[in-house]
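The chain contents come next:
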Amino acid sequence: MTRRSAAVSFEDVMATTEFRPAPAAHITVDGDACRGCTTRACVTACPARLFVPIADGGILFNYEQCFECGGCYLVCNEKGAISWSYPEGGAGVVYRRG
Amino acid sequence: MRPLVAVCWKAVELRAGVDPLTGEIRPDPRSLGVSPADEAALEWALRAAEGTGAAVRVVSAGGPEADGVLRQAAAAGAAELVRVAIEPGSPSCEVARALAPHVAGAGLVWCGDVSLDRGSGAVPAFLAAELGVAQALGLLEVDLGAGAGGFSGLRRLDGGRRERLRVEGPAVASCEGGTARLRRASLHLMLEARRAPVRIEAAPPPRRPAPHVVGRAPFRPRARVVPPPPGEHAADRVRALIGAEAPAGRARVVTLGPEEAAEAILEALAAWGELP
Amino acid sequence: MAERFDAVVVGAGPAGSMAALQLARAGRSVCLLERGPFPGSKNLYGGVVYARVLDGILPRWAEEAPLERFVTRRVTMVLTATQSLAVDFRSSAWGEAPYNGATALRPEFDAWLAAQAEAEGAVLVCSTTATGLLVDASGAVVGVRTDRPGGEIGAGVVVACDGVNALLAKEAGLAEAPDPSHYTLGVKQVLRLPEAEIERRFGLAPGEGADFEILGGTGEVPGGGFLYTNRDTLSVGVVLSLDGLSRSAVRPEEVLAGLTAHPAIAPLVDGGEVVEFGAHLIPEAGLEMMPRLAGDGILVAGDAAGMCLAAGIWLEGVNFAMASGSAAGEAAAEALVAGDTTRRGLAGYEARLSSGFVLADHRRLRHAPGLVLSERVQRRYPEMVCNLVEELFTVRNPAPKPGVVQMARRAARRSGVGLGDLLRDGWRAWRTFG
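Bear in mind the structure is a predicted one, so any value in this text is a computation, not a measurement. (Residues numbered from 1 in each chain as written. Chains lettered and ligands numbered in written order. Predicted model: local features only at pLDDT ≥ 70, side-chain atom pairs only at ≥ 80, totals over all residues. Heavy atoms only, no water.)

Peer 1: Now, about the overall build of chain B: what can you tell me, with residues and values included?
Peer 2: Check the secondary structure of chain B and you find seven helices and 13 strands. Against the compact-globule benchmark of 19 Å for 276 residues, chain B has a radius of gyration of 26 Å, which places it well outside the compact range. Projected onto its principal axes, the C-alpha positions of chain B cover 85 × 45 × 45 Å. Per-residue burial over chain B gives 38% buried out of 276 residues. In chain B, the proportion of contacts linking residues at least 24 apart, taken out of those at least 6 apart, comes to 66%. For chain B, the exposed area adds up to about 16,300 Å²; of that, 57% sits on carbon and sulfur atoms. Computed over 33 positive and 32 negative side-chain charges, the inter-centroid distance for chain B is 4 Å. (Helix = DSSP H or I, 4+ residues; strand = E, 2+ residues; numbered from the N terminus. Rg over C-alpha atoms; globule rule 2.2 N^0.38 Å. Buried < 20%, exposed > 50% of the residue type's maximum accessible area, 1.4 Å probe, protein only. Contact = heavy atoms within 4.5 Å. Areas by Shrake-Rupley, 256 points an atom, 1.4 Å probe, with all protein chains shown as cover. Lys, Arg positive; Asp, Glu negative; His and termini not counted. Charge placed at Lys NZ, Arg CZ, Asp CG, Glu CD.)

Peer 1: Can you lay out the packing of aromatic side chains for me, pointing to particular residues and giving the numbers?
Peer 2: Think of a pair of aromatic rings as described by two things: how far the centres are apart, and how the planes are tilted against each other in angle. Enumeration over the complete set of coordinates arrives at 15 aromatic pairs over all chains. On the basis of an interplanar angle of 15 degrees and a centroid distance of 3.9 Å, the ring pair of F70 of chain C and Y99 of chain C is categorised as stacked. Taken together, the positions of F70 of chain C in strand 4 (residues 67–79) and Y99 of chain C in the loop between strand 5 (84–90) and strand 6 (101–104) put the pair 29 residues apart, joining distant regions of the chain. Of the two residues, F70 of chain C and Y99 of chain C, both sit in the buried class. Site record: aromatic cluster; members linked through ring pairs are F10, F19, F67 and Y95 of chain A together with F277 of chain C. The cationic tip of R35 of chain C hangs over the ring face of Y86 of chain A; the distance from NZ or CZ to the ring centre is 3.7 Å. (Phe/Tyr/Trp six-rings, centres within 6.5 Å; stacked < 30°, edge-to-face > 60°. Lys NZ or Arg CZ within 6 Å of the ring centre and 35° of its normal.)

Peer 1: Lay out the nonpolar core in plain terms, naming residues and giving numbers.
Peer 2: Within the largest apolar cluster, 133 residues are counted, with the highest numbers of intra-cluster contacts made by L42, V58, W110 and F151 of chain B together with L54, F109 and Y349 of chain C. At 12 residues, helix 9 (residues 318–338) of chain C tops the list of elements feeding residues into this core. Beyond its immediate stretch of four places on either side in the chain, F151 of chain B contacts L108, W110, A136, L139, V142, D143, L144, L165, R166, V167 and A173 of chain B. Residues C42, C72, Y73 and I82 of chain A belong to the second largest nonpolar core, which totals 69 residues. (Core = buried A, V, L, I, M, F, W, Y, C linked by side-chain atoms within 4.5 Å.)

Peer 1: Account for the sheet that holds strand 8 (residues 108–112) of chain B, naming residues and giving values.
Peer 2: Residues and elements named next belong to chain B. Taken in spatial order, the nine strands of this open sheet run 11-10-9-12-8-1-6-7-13, and their pairing is mixed. Unpaired on one side and paired on the other, strand 11 (162–167) and strand 13 (198–202) mark the two borders of the sheet. Within this sheet the neighbouring strands show an average axis-to-axis angle of 35 degrees, counted without direction. Where strand 9 (residues 134–143) and strand 10 (residues 151–156) come together, four bridges link them in antiparallel fashion. Paired with D143 across the bridge in strand 10 is S152. Lying over the sheet, helix 2 (residues 66–76) contacts strand 1 (4–9), strand 6 (55–61), strand 7 (80–85) and strand 13, oriented at roughly 160 degrees with respect to strand 7. (Pairing = 2+ DSSP bridges. Axes fitted to C-alpha atoms, helices over the stretch in contact; angles between N-to-C directions.)

Peer 1: So what's going on with the domain arrangement of chain B? Residues and values would help.
Peer 2: Often, the extent of an interface is quoted as the loss of accessible area upon association of its parts. If you check the domain split of chain B, you get domain 1 (4–202) and domain 2 (234–271). Placing a centre on the C-alpha atoms of domain 1 of chain B and another on those of domain 2 of chain B gives a separation of 52 Å. (Domains from an automatic or database assignment.)

Peer 1: An account of the interface of chain C and chain A is requested, with residue identities and associated values reported.
Peer 2: On the side of chain A, 38 residues touch chain C, which itself brings 50 residues to the contact. Taken together, both faces of the contact between chain C and chain A bury some 3,700 Å²; the carbon and sulfur share is 56%. For the pair chain C and chain A, the interface holds three salt bridges. Across the salt bridge formed by E253 of chain C and R49 of chain A, the nearest N and O atoms sit 2.6 Å from each other. In terms of residues, the side of chain C that touches chain A owes the most to one element, strand 15 (residues 273–283) of chain C, which gives eight residues. Each residue belonging to the side of chain C that touches chain A can be placed in one class, and the counts come to 24 nonpolar, 14 polar and 12 charged. (Buried area = accessible area lost by both parts, 1.4 Å probe. Salt bridge = Lys/Arg side-chain N within 4 Å of Asp/Glu carboxyl O. Nonpolar A, V, L, I, M, F, W, Y, C, P; charged D, E, K, R; others polar.)

Peer 1: Let's hear about the environment of V158 of chain C: which residues, and what values?
Peer 2: Residues and elements named next belong to chain C. Here V158 lies in strand 10 (residues 152–160). Linking V158 and G295, residues 137 residues apart in sequence, is a C-alpha distance of 9.8 Å. Not counting the four nearest positions on each side in its chain, V158 is found in contact with V8, V10, L133, V141, G143, V144, G297, I298 and L299.

Peer 1: Help me get a handle on a nonpolar patch on the surface, residues and values and all.
Peer 2: Side chains of V52, I54 and L60 of chain A sit close together on the surface and give an oily, nonpolar patch of about 230 Å² of accessible area. Within the element layout of this structure, L60 of chain A appears in strand 4 (residues 59–61). (Patch = residues over 30% accessible without salt bridge, like charges linked within 9 Å, V, L, I, M, F, W, Y side chains within 5 Å.)

Peer 1: Give a detailed account of the environment of R71 of chain B, specifying residues and quantitative values.
Peer 2: All names here are of chain B. Relative to the elements of secondary structure, R71 occurs in helix 2. The partly exposed category is assigned to R71, whose relative accessible area is 27%. Between the C-alpha atom of R71 and that of R194, which follows or precedes it by 123 residues, the distance is 6.8 Å. What R71 contacts, discounting residues up to four positions off in sequence, is L81, A193, R194, A196 and V198.

Rendered as structure tokens:
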């Protein structure tokens, strides 16, 4: 029966957590800095898979399903490529069992 | 007397947990709020009131848990909060009858087009009937213009058609959530709203015995339309559909306990590529 | 400035609510700001609260707080890819007053604690993010700016309990630029199982809970795992070195999936329905990362001040947050009475922390995080110990049993551990934990 837990996709797991999207993004990514980045730590470290590399060498990002942990800007080694703050009050992730 | 703009709100759980096996709903009072459509209705009322100097009254039919939700309306700028104590699950016509006396006299009554808890969206129409005023329901666009009291709006009709309305005078309007975003409450009003009084009114006794539910069937999604399989004759297509052409040996009879049987079915389905 | 309070507390987590409670008890007007729609909605942790710090402040906490289960079984586990070794300790004394740890869900526990502060008179304002500090000409903090229209709040003292990212402490110049090696990332899944099934599976009486702390089991990424029993859910997660995570090509949820698939863990979580997934940073470095705790008009407490104890066998945070918040509230109230809210006037805060467990524990265990996340403790020692135990209990008939010393030597050699390493780390551990 372990197969049942393994069969749950990442999207389904993410869907169990409530997010109230803010009208504006609280993350911004400087695409030019990303094109010069070789490590791309944000892509693997983000627990919500918000950062996706794209063909032109930049990084595509989402903010709607952000856990607001802050890991991305801490691991980013292109100084200042990710600017990050908290979303508007009342918006963002809402844990029920955190 | 100061002119009045009324708003009807319904406090609902914004995110209900549903047990995937039993379909049982797990309530969570912390997720109480109103739909984006109800928020948009308040925003239109506030904008309309700004133009005319009217007071905004927000009325909700429900239990005491709705009071906190009503105070959110006060934080956004509503002047009066009224809650009509009504049995949960009352039919739309009774909800409208309970709300009507408390929104009567308002130039405009704004509602969200449909609540998030699978509401029928019928309360605004019943309300217009109770009040004997015009109705403009399911608005996609609202333009308050410069006029005092009226507005024009675009409305959805069946079959994807649209109708543009000009409303003057008393009316019940219901709008969709995308028409406006509720303003962010100022800090001062947030602090004031904590103590905002909610007037509690009794609901009138039901006019006639409410229709009662005799039976209830589980939610059934609509059948999916699957393109017909290729085949020159109807008989071929039917054979393909019912799997009679499937390679021999696919069918298998097993005698197992319930758990093992379920496992075996899952395994077989996975092997046939029927599972995602 | 339209709004004014004696004090503003930013963040209604355990630190903030305790600070607001103490300020309100001292008769001060206090505004408690929370950016989530309700207190606790942004907060996520492993799962155990040690609430004895509340004994003198909210003596009825054990009956009133929304706790899930009192921990009476504590399992400390070492995992390698295929082996596991556990110390399984039970104490029925922990299930009775004065209690030890209890599992709790933060959105419920934090909301309860904030309600206690409100009951004392604190003004809780939710859905409002503090975006910055108001500073006067001399550089002293005189309030906060929020993201609402007309959102400036003037205050004699600002208590920054704004969590691990410590944005306000950084703005006030109290904290240095962050070093990613000071943080770990906690990733957690909550799995639903029937209450009776949890009690059966973990061998618990109703109301009693189990706490599994796991060393290893996180693959290439240094870290550890945890598994806690709530009333009708399990909290299972991993704590990963942020540095290690960004160096590896492994994603956090893959590490977690690896842990839940481990033969020692899988049967415990089997069949659980995922009901929530989340992640949060943990300030791991203790004293190494602690900012200056006070500035003119501002105090820093809780995670924002790095007050989280992640020292291998001890994983505590909420108790440090509550104690530091409480001390900050008392010190702020004292400073307001004295009319001196400069850094000097607020010095009572650090004095309180120094005389209590908060700074004492952090000072004693200041080298623990480095030791626990070191490669040897993470990878080689678990392997060595598991191999040794495997050797010990593998019956190789007809070959005779080798001597234990010989087995230990062989296990150490197989895991690449030298005698020098053992002595050095043993000495470090003795100095740290002894």
